[in-house]
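As a plain string of letters, each chain reads:
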Amino acid sequence: MQELPLQLVTQMIADRRTIHKRPELGWTEFETTYFIAKRLEKLQIEFQLGGGFLDRASVHRRDEQEVQTAIQRALEHGVPKTFIEKTQGYTGVAGIFDTGRPGPTIAIRADIDAVPVQESQDEAHESVMGGYCSEIPMVMHSCGHDAHTAILLAVAEWIVENQDNLCGKFKFVFQPSEEGVRGGLAVANGGFLDDVDELLCFHIGTKCKLGEVGICEKGFLATSKLNVTFEGVPAHAGSNPEAGKSALLAACNAATLISGIPRHSKGLTRVCVGKLIAGESRNVIPAHAAMEIETRGETGELDQYMVNHVCRIVNSAAEAFDVKARIETVGSAVNLETDHEISVRLQKIAEQIESVERVAYYNDIAASEDCTWLIKRVRDRGGKAGYFLFGCNHHGHHKTDFTIQDEVSLPVGLRMLIQYLAERCSG
């Protein structure tokens, strides 16, 4: 393998740290979208902004007030109003580069959103020492999406610089709102990937430490994120309690029963009532309750089995306590299924990287990832897909002290991708 160009690696690290300083939650990534678009424009890569390639009907849980607040913050931080208008209020970027020579169409996806976590201010924390700590209160890139974005920008630059030696077409998906699995379905249903022959997705960390690469062919679970609201009737708890209808009691009973849903013998199933807020005050029959629930399953069918039970219980609890219930799906993903042919190629590349000491298959990661919607879309139309992990010595994702050692870890992810493209698209 040839050495990575020093300038490309240097720029990639700088990009990651710039993005890290300005983290944005899902559907509010206007500064990040502008940063990506400016770079693609400089590279003379055609691109579409969120409103142009997303299927809006498939967008999960996008809060208009949060979007408008983010737009105002982006404007104050130098994003032009004309650019904001071009997004049509939707974040994300989809780029296309055509070499003009016959060859495969290969797409690579990176997620761009951050997590609602306050970053550590400890002097020993990686980004504090480096001077690129988050400038946004209670928001942090504590899952590595800043690294994913920087790597894909570096891949795009490498393709442009080496276009004379390449063939085929390349697509770059900078996906908004992965956290809460809210953006993948909208990207998939937008049709941008419908002509793709091969799709590559990747993630830093998880089970892999520095010097390790993991190949995933399954293991990520299908999931549904459900918001449930109960609406009862308030009444004074002392003078006329019989006039009230308790949303709180309906929600509490539902939560207990949901936790007891039988798990399925045909594969992993999960359910979690993660949040319950109810009531007005101590002397009022509680008229309002809200719950946040997630289900997971080893397959879409198993996840649906859990969802069906949740809906049955919620509606039954509402009927039992004579209140109204509403169930809203605010996020979803399907289970991971990739192609062994792609996995073998990724494995061989990883084994050739000098800094990689261990390559393993991880098919038991019981988490969820909404790039699975993109993978499913590509595979349903005859294409193939692969997924890999590259390591870092982190303290746990979504934690205040999440670190990735970018100078060592990011070059591995970049090497995996450009070597794959070099082998598949040599012109």
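Quick summary incoming for the structure in this document. (Residues numbered from 1 in each chain as written. Predicted model: local features only at pLDDT ≥ 70, side-chain atom pairs only at ≥ 80, totals over all residues. Heavy atoms only, no water.)

Next up on the list: the sheet that holds strand E7 (residues 222-231). Taken in spatial order, the four strands of this open sheet run E8-E9-E7-E10, and their pairing is antiparallel. Looking along the sheet, the strands with just one partner apiece sit at the ends: strand E8 (269-278) and strand E10 (324-333). On average, each strand axis in the sheet is inclined to that of its neighbour by 15°, with strand direction left out of account. In the sheet, E7 pairs with strand E9 (residues 288-297) via 10 bridges, with the strands oriented antiparallel. By the bridge assignment, Lys 225 is partnered in E9 with Glu 294. Helix H10 (residues 300-320) rests against E7, E8, E9 and E10 of the sheet, and its axis sits at about 5° to E7. (Pairing = 2+ DSSP bridges. Helix = DSSP H or I, 4+ residues; strand = E, 2+ residues; numbered from the N terminus. Axes fitted to C-alpha atoms, helices over the stretch in contact; angles between N-to-C directions. Contact = heavy atoms within 4.5 Å.)

Here the focus is the pairing of strand E6 (residues 212-216). The element E6 is extensively covered by neighbouring structure, given that five of its five residues are classed as buried. What you see with E6 is no split at all: Glu 212, Gly 214 and Cys 216 on one side and Val 213 and Ile 215 on the other are buried throughout. Sheet topology note: the E6/strand E12 (residues 384-390) ladder contains four bridges and is antiparallel. Bridged to Ile 215 within E12 is Phe 388. (Buried < 20%, exposed > 50% of the residue type's maximum accessible area, 1.4 Å probe, protein only.)

The next point concerns helix H11 (residues 340-352). Under the 1.5 Å per step criterion, the end-to-end length of H11 is 19 Å for 13 residues, consistent within 8% with the ideal 18 Å. Every buried residue of H11 is accounted for by Ile 342, Ser 343, Arg 345, Leu 346, Ile 349 and Ala 350. For H11, the angular spread of the buried residues around the axis is 160°, confining them to a single face. Contact partners of the buried residues in H11: strand E5 (198-204), E6, strand E11 (358-361), E12 and helix H13 (406-424). (Expected span 1.5 Å × (residues − 1). Arc of directions from axis to C-beta.)

With that settled, the discussion passes to the pairing of E5. In summary, the side chains of a regular strand alternate between the two faces of the sheet. Along E5, seven of the seven residues are buried, which leaves the element largely enclosed by surrounding structure. The alternating pattern of E5 places Glu 198, Leu 200, Phe 202 and Ile 204 and Leu 199, Cys 201 and His 203 on opposite faces, both of which are buried. Bridge count between E5 and E12: seven bridges; the pairing is parallel. What sits directly across from Cys 201, in E12, is Tyr 387.

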